[in-house]
Amino acid sequence: MYSQLYFDYNATTPCAKQVVDVMLPYFHEDFGNPSSSHHPYGWLAKSAVEDASSGIAKHLGVSPSDLIYTSGSTESINMVLKGVCRKYRNKGNHIITTKAEHKAVLDTCAFLDEDGFEVTYLDVDSEGLIQIEQFKAALRPETILVCIMYANNETGVIQPLEEIAVLTHENGSLLFSDTTQALGKVRLDTVLQIVDFACFSGHKVYGPKGIGLTYIKGNEDYSQLPSFIQGGGQQKGQRGGTINTPLIVGFAKAIDLAYENQDSEKKRLENLRDQLEAGLLEIELVVSNSNTAQRLPNTVHVSFPFVDGANLLVALSRQIAVSNGSACNSASVEPSHVLTAMGIERSLAYASLRLSIGRYTSENDIEKAIAIITSAVSKQRENNILWERR
Ligand code: PLP
């Protein structure tokens with residue numbers, strides 16, 4: 001393990017030891033294929049998957065038949081967006097989303113745009129929230145899908161989805177919400193009652209990478225969405241391919257652990273987050289980009305005027321793992337599209353840090369992080385002539 005502090009839990013989380021332990025037997029001893037229906041190897045694997053599914057469904061307050069295993073949220077997003085477009089093409093060709101979605105949504109929308117669908121990208125305000133009036137104006141008779149994330153991966157902002165859900169359904173459209181970052185951090189029961197589709201990812205909740213879920217409400221007859229992966233008829237034909245028993249068992253255990261003490265862990269994280277934010281806000285001129293009443297308990301997003309963001313990240317990289325946007329997008333030299341959608345000017349958006357804490361973050365880590373960042377920002381500014389002349 002590195003001696004570095006880890007403040008990038010929204011990018012990924014370590015797989016919990018208990019999760020690794022429950023997965024191990026399914027790699028070597030109980031390795032059967034859940035689709036092998038003629039011997040105990042297969043029966044055992046099938047029953048492990050069924051137990052995992054009913055455990056997850058119980059925590060989420062949904063039916064096990066509403067859940068389809070995928071390789072992660074990116075695949076689930078592709079499955080829902082492309083699936084809805086294909087199924088309802090005759091009804092309409094219009095999708096509504098926001099400019100602050102994860103790239104998995106935005107890139108899929110760009111693909112659909114090229115395929116003849118029309119996409120409206122809603123603005124967000126300075127807090128990262130969409131404006132209901134703008135949303136109402138965007139709805140059309142031919143709108144087949146509304147795609148609005150629940151918790152933002154960069155700022156932690158939570159969109160109030162109730163009114164959006166009512167308006168979407170009154171319009172005869174379907175609602176998909178990217179709930180990837182919310183799982184395990186905030187309660188989801190109500191959200192899953194009002195959306196038609198959602199998605200989850202194992203590696204964001206101390207589970208393994210390479211496993212995710214698509215939630216399809218009312219999927220009893222498994223005919224809700226067309227399948228994109230044919231072959232073998234697994235998952236009642238909705239996604240072909242041998243079901244990954246160890247990862248599914250691990251994902252279920254990870255969700256169990258997250259739900260075991262969700263409320264007390266949420267409180268603990270909120271306290272640490274507030275402490276971190278308060279410490280960073282002591283830095284001169286710092287701006288917080290995460291101010292909504294409803295937000296994730298673990299995410300802090302701040303910008304430092306008069307600081308070169310790229311240099312700051314390099315300076316911090318030996319001591320603390322942080323991010324300036326989503327990890328999936330870190331190869332990009334563009335400032336975060338979420339911040340620019342919020343109207344934050346480019347130079348300030350460049351000079352930003354996302355800090356996301358988690359299960360293994362302690363109060364001591366928070367104090368160290370504040371000290372490291374405060375000192376790094378001040379060193380960056382010492383070298384900036386504009387800072388002297390401000
Ligand atoms: N949606 C959000 C909000 C995310 O934060 C991520 C991961 O960064 C994804 C989708 C993609 O998830 P996965 O890594 O499981 O494909």
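Whatever comes next refers back to the structure up there.
Every value quoted in this text rests on a predicted model; they were computed, and no experiment measured them. (Residues numbered from 1 in each chain as written. Predicted model: local features only at pLDDT ≥ 70, side-chain atom pairs only at ≥ 80, totals over all residues. Heavy atoms only, no water.)

Visitor: I would appreciate a short explanation of the pairing of strand β2 (residues 67-70) in the present structure.
Guide: Regular strands show a simple pattern: their side chains alternate between the two faces of the sheet. Side chains L67 and Y69 of β2 all project onto a buried face; the interleaved residues I68 and T70 project onto the opposite face, where all are buried too. Direction of pairing for β2 relative to strand β8 (residues 212-216): antiparallel, over a ladder of four bridges. Paired with I68 across the two strands is T214, which belongs to β8. (Buried < 20%, exposed > 50% of the residue type's maximum accessible area, 1.4 Å probe, protein only. Helix = DSSP H or I, 4+ residues; strand = E, 2+ residues; numbered from the N terminus. Pairing = 2+ DSSP bridges.)

Visitor: Which parts of the structure should I look at to understand the sheet that holds strand β12 (residues 352-356)?
Guide: The sheet built from three strands is open, its strands ordered β9-β10-β12 with antiparallel pairing. Of all the strands in the sheet, just β9 (287-288) and β12 have a single pairing partner and so form its edges. As paired elements, strand β10 (residues 299-303) and β12 share five bridges and run antiparallel to each other. Pairing of V300 across the sheet is with L355, part of β12. In the packing of helix α10 (residues 262-280) onto the sheet, contacts are made with β9, β10 and β12, and the angle to β10 comes to roughly 10°. (Contact = heavy atoms within 4.5 Å. Axes fitted to C-alpha atoms, helices over the stretch in contact; angles between N-to-C directions.)

Visitor: Before we go on, may I ask you to explain a nonpolar patch on the surface in this structure?
Guide: On the surface, a nonpolar cluster with roughly 270 Å² of combined accessible area is contributed by V20, L24 and F27. Structurally, the position occupied by L24 is in the loop between α1 (17-23) and α2 (25-28). L24 sits in the partly exposed class, given a relative accessible area of 49%. (Patch = residues over 30% accessible without salt bridge, like charges linked within 9 Å, V, L, I, M, F, W, Y side chains within 5 Å. Areas by Shrake-Rupley, 256 points an atom, 1.4 Å probe, with all protein chains shown as cover. Salt bridge = Lys/Arg side-chain N within 4 Å of Asp/Glu carboxyl O.)

Visitor: What is the right way to read the site of the ligand from this model?
Guide: Taken together, 14 residues lie near the ligand, and T74, D178, Q181, S201 and K204 sit nearest. Within the side chain of H102, an N or O atom sits 3.2 Å from an oxygen atom of the ligand. Residue S201 places a side-chain N or O atom 2.6 Å away from an oxygen atom belonging to the ligand. Starting from 400 Å² of accessible surface for the ligand in isolation, the protein chains cover 91%. For the shell around the ligand, the leading source of residues is helix α4 (residues 73-87), giving three residues. Each residue belonging to the shell around the ligand can be placed in one class, and the counts come to three nonpolar, nine polar and two charged. (Near = heavy atom within 4 Å. Polar contact = N/O pair within 3.5 Å; in protein donor to acceptor, adjacent residues only side chain to side chain. Nonpolar A, V, L, I, M, F, W, Y, C, P; charged D, E, K, R; others polar.)

Visitor: Can you walk me through the pattern of salt bridges in this structure?
Guide: By the definition in use, this model includes 17 salt bridges. A salt bridge links R268 to E265; its shortest N-O distance comes to 2.8 Å. With R268 and E265 both in helix α10, this residue pair falls three residues apart, about one helical turn. For the salt bridge of E277 with R295, the shortest nitrogen-to-oxygen distance reads 2.8 Å. With E277 in helix α10 and R295 in the loop between β9 and β10, this pair connects stretches of sequence that are 18 residues apart. Relative accessible area serves as the criterion here: at 9%, E277 is assigned to the buried category. Taking the relative accessible area as the measure of exposure, R295 reaches 13% and is therefore buried. Connected through shared salt-bridge partners, E118, R140 and E142 make up one network.

Visitor: What is the right way to read α4 from this model?
Guide: An α-helix turns once every 3.6 residues. As a result, residues three or four positions apart point the same way. Given a rise of 1.5 Å per residue, 15 residues ought to cover 21 Å, and the 20 Å separating the end C-alpha atoms of α4 matches this to within 8%. Among the residues making up α4, those that are buried are S73, E75, S76, I77, M79, V80, L81, G83, V84 and C85. (Expected span 1.5 Å × (residues − 1).)

Visitor: Help me understand the pairing of strand β3 (residues 94-98) in this model?
Guide: Extensive coverage of β3 is indicated by the burial of five of its five residues. Covered by surrounding structure in β3 are H94, I96 and T98 together with I95 and T97, the residues of both alternating faces. Looking at chain direction, β3 and strand β4 (residues 118-122) are connected through five bridges and run parallel. The residue of β4 that forms the bridge with T98 is L122. Note on the crossover from β3 through helix α5 (residues 103-114) to β4: the handedness is right-handed. (Right-handed = clockwise from strand over helix to strand, strands pointing away.)

Visitor: For this particular structure, what's the right way to read the state of the cysteines?
Guide: Here, the word disulfide means a covalent bond between the sulfur atoms of two cysteines. Scanning all chains against the criterion turns up zero disulfides. C85 carries a free sulfur, and the closest cysteine sulfur to it, the one in C109, is 7.9 Å from it. Judged by relative accessible area, which is 1%, C85 ranks as buried. (Disulfide = S-S within 2.5 Å.)

Visitor: I would appreciate a short explanation of the packing of helix α11 (residues 309-316) against helix α14 (residues 363-382) in the present structure.
Guide: What describes two packed helices is the angle between their axes and the distance between those same axes. Where α11 contacts α14, the two axes come as close as 10 Å, and the packing angle between them is 135°. With respect to α14, the element α11 is oriented oblique. In this structure, the crossing between α11 and α14 has a hand that is right-handed. Residues N311, L312, A315 and L316 of α11 pack against I372, I373, A376, V377 and Q380 of α14. Of the residues belonging to the contact of α11 with α14, the class tally is seven nonpolar, two polar and no charged. (Parallel < 35°, antiparallel > 145°, perpendicular 65-115°, else oblique. Left-handed = near helix turned anticlockwise from the far one by under 90°.)

Visitor: I'm lost on the packing of α10 against α14 in this one. Help?
Guide: The geometry of α10 relative to α14 is characterised by a closest axis approach of 9 Å and an angle of 20° between their N-to-C directions. As summarised for this structure, α10 and α14 are arranged roughly parallel, according to the angle between their axes. Both α10 and α14 take part in a crossing whose hand is right-handed. Taken together, the residues of α14 that come into contact with α10 (itself represented by L272, Q275, L276, G279 and L280) are E363, I366, E367, A369, I370 and I373. Here the contact of α10 with α14 is composed, by residue class, of seven nonpolar, two polar and two charged.

That's the geometry; what it means functionally is another story.
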